[in-house]
Amino acid sequence: MKFHEMNKRDVEDHLKTNFQTGLSSQEVEKKRKKFGFNQLEEGKKQSAILLFFQQFKDFMVLVLLAATFISGLMGEYIDAIAIISIVVINGCLGFFQERKAEKSLQALKEMSAPQVNVLRDGQWLKIPSKEVTVGDILKFESGDRIGADVRIIESVNLEIEESALTGESVPVTKTDHPIHVDHVSLGDLENMAFMGTLVTRGNGVGVVTAIGMSTAMGQIADMLQNAETMMTPLQRRLEQLGKILIICALLLTVLVVAIGVMQGHDLYTMLLAGVSLAVAAIPEGLPAIVTVALSLGVQRMIRKRAIVRKLPAVETLGCASVICSDKTGTMTQNKMTVTSLWSGGDTWKVTGTGYNPNGQFYAGENVVHPSDEKSLYQLLTFGLLCNHAELKRKEDEFYINGDPTEGALLVSALKAGLTREGLRKQFTIEKEFPFDSTRKMMSIIVKDSHGKRFVITKGAPDVLTEKSTAILWQKRSEVFTSEYKQEVQAAIEGMAANALRTIAVAFKPLSQGESLQDDLEIEKDLTLIGLQGMIDPPRPEVKTAVKECREAGIKTIMITGDHVITAKAIASTLGILRKKDQVLDGKDLNQMSLEELEEVVENVSVFARVSPEHKLKIVKALQNKGHVVAMTGDGVNDAPAIKAADIGVAMGVTGTDVAKEASSLVLMDDNFATIKSAIKEGRNIYENIRKFIRYLLASNVGEILVMLFAMLLALPLPLAPIQILWVNLVTDGLPAMALGLDRPEENVMKRKPRNPKEGVFARGLAWKVISRGFLIGITTLIAFMITYKQNPDHLEYAQTVAFATLVLAQLIHVFDCRSEKSIFSRNPFGNMYLVWAVLSSFILMFVVIYVPSLQPIFHTVYIEPRDWLLIFGLSALPTFLLAGSLFSRKTK
Ligand code: ATP
């Protein structure tokens, strides 16, 4: 018999599990051994060896290897071996960089892997779906992706979209009854849910029947492998730029070789020098270093609790000019506590903090017992009946499983001595219409112990008052006249002005046998019972984060489903709503066309009582006004807006899988302040990339120019080929990596957002590269000329001096690259990676010059101490003197 044919009992026996408590940890262990992990096998990965050899496939490297081989044949063994060693070391470096980039991208993928709700040892837990095993009990609700193949054992209005498997995009209604049909296809299995499919409505519980490659999805997994790796705009631009730079470097190299030969240099020496120069000057490693810098930055973001799902977002983050953020849970703590209740003109206060279920009710100054106050008791009872939240305790800490709003209603009822178990004896829930943020309500149909049936609805008070035709007033049901409506409105506004989130509770008796099918029929002609007002304290760090964003030219907009007055009160406390700002609500948005919204949108800082559907309109209006928009969301309906935003941000804790999949950034802690940290990091990563592009290219320009000018002036080669390669490996590589790890400049969050259209070389970078490169080339040449003139018979001495000058000039210049302003604006010890990189390059330079056994390999000789003065003096010149004054342009 198949699982879909069995009744629940048989399924439970067959899978050796327990629907009440789930599997135990020992059982999970055993099953894990038998079935393995719940994951689809990945496509074939590129092998490490292949990756290693790929480092040498570059055309110029091949030419260099060929040239070296020829020099080996001609008896230049030392040169040949040295050059090959450097090429191999360079290749290894490239290999490790790429491996690191790949590994961190893989780690990222795992971080954003989906989680599932599972019942183990009698407790509901959230675990990575990889750890699910056969027999596990899973709970899922609207917005979740199913983590494995399951037989459904409970379903409440459950609908699942299975297009990933069946191609059919209309959701299928699911049941928990056995099915008996011959030749069923996947689409007909209405009591099964399959891995990777999407819950679009309702909720359910299922027991896992298959995991990993045994699932229906696993059987078609091969088709799903998409090895698409996304490139960031900068990487793409650099790739194009790389091609141009290669051509420039090659042309200049050819020029150097041609002039050299014309000036009477030996063709072979010039060729080897030319090829070495080409290998050194072509920035072929740039894309790899950019990837490493991006992925290291992404890891830093993870430490700050932001997971980047799509690499391009790292760059876009630095351009963000508006953050549209949800209020509840993102700006506030989402720890709700009912503090005030209202019914039929009476108000009560409740004491107690957080979810601790101890507290007292007061009417004015007097303690009251809720069971003595009929309407209060009913308000609390119905608030608990129409509710799924569970109160849990871990040591002294109480917390909620489920929706915090419902948690608050649960705790207020517990404070009155009510319990869910107690109510279950009196009431049976027949049907449920779950909460959704468009309706802003939730309803149930219940039957009491006398067989009387009625509807209980709870939801946003302004919505519920419109649906009510009667009100409970002084224990009697009265027609809901406009006078009563005014009273209720005053009560709602009174609570909201104190920043309380308000929930109204209403009911409607049903006649015998009356059966209502949809929420439209159910949620009308209600009798309003009263209101519960709950505090949701702002997160303490948000106020500062909002301020920092404002200083960074980023506007914060609060978008909430909550009441306008509540939203205003909280937005003012957080510094989001300022005097001249406008507040719009869902109704305003409905009436406005996109163009009308565009006209005002830049003045609006709070959107209240909006539905997720409105978010898309807000994003579009802001984008049409030229803004780069970050938009947060958690629900299924938020996905279109998250996708449309430049940076879609999903909540890691409360977010649905759909929202996460649509997003490019996931907040592990659902915290607004984390968005700010991610933006700061995004800005820093981009600046760091600019820093090392500036350093590498200026160094390359310097290397080419010193050779070119020497040839033009009919001088001998100022640097031996091996020296050029050495500079490329040691002096360029290490410090450039360290620049990628630099900390942000102090003013990184005091500048305006970057214009997304701005090129890599904007803000004076091209000028800096050319001017500094030129100066490095010239000073190296001067050092060479001076020493060569003094002793024309000792070429190697002059070359060693030129080599040392070039190395030092670059090592000093690297500190200048740390700032957009000047070298003096930053503490040189602020980046210790750089200090160590520079120090090791420096020491290696001495080793190459002074270790006798290395001298013949690197064509170096001892440098007289007095010449070090010349070397230091000249190498400092480009950065300190000239670059500090003459050549520095003001950049904003
Ligand atoms: P944000 O968009 O900032 O997260 P929100 O959480 O208040 O705001 P929704 O969850 O859409 O937005 O809630 C909108 C309104 O619906 C709330 O103000 C509240 O009155 C009502 N509401 C919220 N949760 C429930 C629930 N579980 N049952 C019934 N009504 C609810």
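Since the model is a prediction, treat every value here as computed from it, not as a measurement. (Residues numbered from 1 in each chain as written. Predicted model: local features only at pLDDT ≥ 70, side-chain atom pairs only at ≥ 80, totals over all residues. Heavy atoms only, no water.)

### Here's the deal with the overall build of the protein
Quick note on the threshold: Helix numbers and strand numbers start at the N terminus; a helix is a DSSP run of H or I with at least 4 residues, a strand a run of E with at least 2. Using a 1.4 Å probe on the protein chains alone, a residue whose accessible area is under 20% of its type maximum counts as buried, one over 50% counts as exposed, and one in between counts as partly exposed. The contact criterion used is simple: two residues touch if any of their non-hydrogen atoms lie within 4.5 Å. For accessible areas, the Shrake-Rupley method is used with a probe of radius 1.4 Å. Any residue's cover is judged against the shown protein chains and nothing else. None of His or the chain ends enter the tally, which takes Lys and Arg as positive and Asp and Glu as negative. For charged residues, the charge sits on one atom: NZ in Lys, CZ in Arg, CG in Asp, CD in Glu.
Secondary structure summary: the protein contains 32 helices and 28 strands in total. Along the first, second and third principal axes, the C-alpha atoms of the protein reach 115 × 70 × 50 Å. Counting over 892 residues, the protein shows a buried share of 54%. Summarising the internal contacts of the protein: among those between residues at least 6 apart in sequence, 70% fall at separations of at least 24. Accessible area of the protein: about 39,300 Å², with a carbon and sulfur share of 57%. Taken together, the 98 basic and 98 acidic charged side chains of the protein have centroids lying 4 Å from each other.

### Regarding the nonpolar core
A general trend in soluble globular proteins is that nonpolar side chains are found buried together. Heads up, the condition is: By convention a nonpolar core is built from buried Ala, Val, Leu, Ile, Met, Phe, Trp, Tyr and Cys residues, the set being connected through side-chain atoms within 4.5 Å.
Within the largest apolar cluster, 131 residues are counted, with the highest numbers of intra-cluster contacts made by Phe692 and Trp726. A per-element tally of this core places helix H26 (residues 672-712) first, with 21 residues. With residues up to four places along the chain from it excluded, the contact list for Phe692 reads Leu286, Ile289, Val290, Ala293, Ala736, Leu739 and Gly740. Judged by nonpolar contacts, the second largest core, of 38 residues, contains Leu341, Trp348, Leu380 and Phe454.

### Examining the site of the ligand
Condition: We call a residue near a given molecule or strand whenever any one of its heavy atoms falls within 4 Å of it. Two N or O atoms count as a polar contact when they lie within 3.5 Å, although within protein this holds only if one can serve as hydrogen donor and the other as acceptor, and sequence-adjacent residues are included solely when both atoms are side-chain atoms. In this classification, Asp, Glu, Lys and Arg are treated as charged, Ala, Val, Leu, Ile, Met, Phe, Trp, Tyr, Cys and Pro as nonpolar, and every other residue, Gly included, as polar.
Lining the immediate environment of the ligand, one finds 20 residues, of which Lys327, Thr328, Asp403, Ser437 and Arg501 sit closest. Between the ligand and the protein, one listed contact pairs an oxygen atom with a backbone N or O atom of Lys327 at 2.7 Å. In the environment of the ligand, an oxygen atom lies 2.8 Å from a nitrogen or oxygen atom belonging to the backbone of Thr328. Burial of the ligand by the surrounding chains reaches 91%, relative to a free accessible area of 610 Å². Of all the secondary structure elements, the ones that give two or more residues to the shell around the ligand are helix H14 (404-415), strand E18 (453-459) and strand E21 (501-510). Grouping the constituent residues of the shell around the ligand by class yields four nonpolar, seven polar and nine charged.

### Quick notes on the pairing of strand E14 (residues 390-394)
For a regular strand, side-chain orientation follows a simple rule: the groups alternate between the two sheet faces. For the record, the criterion: Here the rule is simple: two strands pair whenever DSSP picks up at least two bridges between them.
With five bridges connecting them, E14 and strand E15 (residues 397-401) associate as antiparallel partners. Bridging across to E15, Arg393 finds its partner in Phe398. Counted between consecutive antiparallel strands, the loop separating E14 from E15 contains two residues, among which Glu395 sits at a positive phi close to 50°.

### Things to note about unusual backbone geometry
Even without being glycine, Arg609 reaches a positive phi, approximately 45°. The residue Arg609 is located in the loop between strand E25 (604-608) and helix H23 (612-624) in this model. The backbone of Ala714 sits at a positive phi, close to 60°, despite the residue not being glycine. Tracing the chain through its elements places Ala714 in the loop between H26 and helix H27 (721-740). Since its relative accessible area comes to 48%, Ala714 is described here as partly exposed.

### What about the packing of helix H10 (residues 267-281) against H27?
Stated formally: Angular values range over 0 to 180 degrees, each being the angle between N-to-C directions of two axes fitted as lines to C-alpha atoms, with helices fitted over their stretch in contact. Note on terminology: angles under 35 degrees are roughly parallel, angles over 145 are roughly antiparallel, angles of 65 to 115 are roughly perpendicular, and the others are oblique.
It is at 8 Å that the axes of H10 and H27 come closest, and there the two elements cross at 5°. With respect to their mutual orientation, H10 and H27 come out roughly parallel. Note on element contacts: H27 touches H10 through Pro721, Ile724, Leu725 and Asn728, opposite Leu272, Ala273, Ser276, Leu277, Val279 and Ala280. Split into classes, the residues belonging to the contact of H10 with H27 amount to eight nonpolar, two polar and no charged.

### Regarding the sheet that holds strand E8 (residues 306-308)
Hydrogen bonding along the main chain pairs the strands of a sheet, whether they run parallel or antiparallel. Strand order in the open sheet formed by eight strands is E8-E28-E27-E26-E9-E23-E25-E24, with mixed pairing between adjacent strands. Two strands in the sheet have a free side with no partner beyond their single neighbour: E8 and strand E24 (582-585). Each strand of the sheet is rotated relative to its neighbour by a mean of 20°, with strand direction disregarded. Looking at chain direction, strand E27 (residues 647-651) and strand E28 (residues 665-667) are connected through three bridges and run parallel.

### What to know about the packing of aromatic side chains
The description of two aromatic rings rests on the distance between their centres and on the angle between their planes. Stated formally: Any pair of Phe, Tyr and Trp rings, taking the six-membered ring for Trp, is counted once the centres come within 6.5 Å. Such a pair is stacked with planes under 30 degrees apart, edge-to-face with planes over 60 apart, and tilted for the rest. Here, a charge over a ring is recorded when the distance from Lys NZ or Arg CZ to the ring centre is within 6 Å and its angle to the ring normal is within 35 degrees.
For the structure on display, the rule yields 15 aromatic pairs. Measuring from centroid to centroid gives 4.8 Å for Trp473 and Tyr484, while their planes differ by 45°, and the two rings are tilted. Note that Trp473 is positioned in strand E19 (residues 468-473) and Tyr484 in helix H17 (residues 482-497), a separation of 11 residues in sequence. A relative accessible area of 18% places Tyr484 in the buried class. When the ring centre of Phe37 is taken as origin, the NZ or CZ atom of Lys130, which lies over that ring, is 5.1 Å away. For Lys139, the ring lying beneath its charged end belongs to Trp124, and the centroid distance is 4.5 Å.

### Things to note about H14
Every α-helix carries 3.6 residues per turn, so stepping three or four residues along brings you back to the same face. Rules: By this rule the span expected of a helix is its residue count minus one, scaled by 1.5 Å.
Over its 12 residues, H14 runs 16 Å from end to end, which matches the ideal 16 Å to within 8%, given 1.5 Å per residue. Counting buried positions over the 12 residues of H14 gives 11, a clear majority of the element. Among all positions in H14, only Pro404, Thr405, Glu406, Gly407, Ala408, Leu409, Leu410, Val411, Ser412, Ala413 and Lys415 are buried. Regarding H14, its N-cap is Asp403, as a side-chain oxygen of that residue lies 3.1 Å from the backbone nitrogen of Thr405 further along.

### Some thoughts on the side chain of Lys508
Relative to the elements of secondary structure, Lys508 occurs in strand E21. Among the polar contacts made by the side chain of Lys508, one reaches the main-chain carbonyl oxygen of Lys524 at a distance of 2.9 Å.

### Side note on the domain arrangement of the protein
By a widely used convention, the size of an interface equals the accessible area lost when the partners come together. Condition: The start and end points of each domain follow an automatic or database-based domain assignment. Take the accessible area each of two parts loses on contact, using a 1.4 Å probe, and add the two losses: that sum is the buried area. Between Lys or Arg on one side and Asp or Glu on the other, a salt bridge is scored when a side-chain nitrogen of the former is within 4 Å of a carboxyl oxygen of the latter.
Examined at the domain level, the protein breaks down into domain 1 (1-227), domain 2 (236-291 + 695-891), domain 3 (306-331 + 539-670) and domain 4 (340-535). Counting residues at the interface gives seven residues for domain 1, matched by six residues for domain 4. Both sides of the domain 1 and domain 4 interface together cover about 430 Å² of buried area, and 38% of this is carbon and sulfur. Of all residues in domain 1, Trp124, Val156 and Asn157 give up the largest surface area on contact with domain 4, accounting jointly for 54% of the area buried on that side. On the surface where domain 1 and domain 4 come into contact, there are zero salt bridges. In this assembly, domain 1 and domain 4 are joined by one residue pair in polar contact (both at pLDDT 80 or more). If one sorts the elements of the side of domain 1 that touches domain 4 by residue count, strand E7 (residues 198-210) sits on top with three residues. Here the side of domain 1 that touches domain 4 is composed, by residue class, of two nonpolar, four polar and one charged.

### Some points on the environment of Glu432
Tracing the backbone shows Glu432 in strand E16 (residues 427-436). Here the alpha-carbon distance between Glu432 and Cys386, two residues 46 residues apart in the chain, equals 8.7 Å. What Glu432 contacts, discounting residues up to four positions off in sequence, is Val156, Asn157, Asn203, His388, Met442, Ser443 and Ile444.

### Here's the deal with the pairing of strand E10 (residues 337-343)
Burial of E10 is extensive: seven of the seven residues sit out of reach of the surface. Of the pairings in the sheet, the one linking E10 to strand E22 (residues 526-535) comprises five bridges and is antiparallel in character. Looking at E22, one finds that Ser340 is bridged to Gly533. As defined by bridge partners, E10 adjoins strand E11 (residues 346-350) across four bridges and the pair is classed as antiparallel. Note that in E11 the partner of Trp342 across the bridge is Thr347. Counting the residues that bridge the hairpin from E10 to E11 gives two residues, and of these Gly344 lies at a positive phi of roughly 50°.

### Observations regarding the side chain of Gln799
Mapped onto the fold, Gln799 is located in helix H29 (residues 795-816). At a separation of 2.7 Å, a polar atom in the side chain of Gln799 contacts the main-chain carbonyl oxygen of Leu717.

### Some thoughts on the environment of Ala281
Position of Ala281 among the secondary structure elements: in helix H10. The class of Ala281 is buried, set by a relative accessible area of 4%. Counting along the chain gives 513 residues from Ala281 to His794, while the straight-line C-alpha distance between them is 27 Å. Setting aside residues no more than four positions away along its own chain, Ala281 makes contact with Ala249, Asn700 and Ile704.

### Quick word on the packing of H27 against H29
Running from N to C, H27 and H29 cross one another at 10°; their axes reach a closest spacing of 10 Å. As far as their axial angle goes, H29 and H27 are roughly parallel. Taking contact as the criterion, the partners of Gln723, Trp726, Val727, Thr731, Asp732, Pro735 and Leu739 in H27 are, on H29, Gln799, Phe803, Leu806, Val807, Gln810, Leu811 and Val814.

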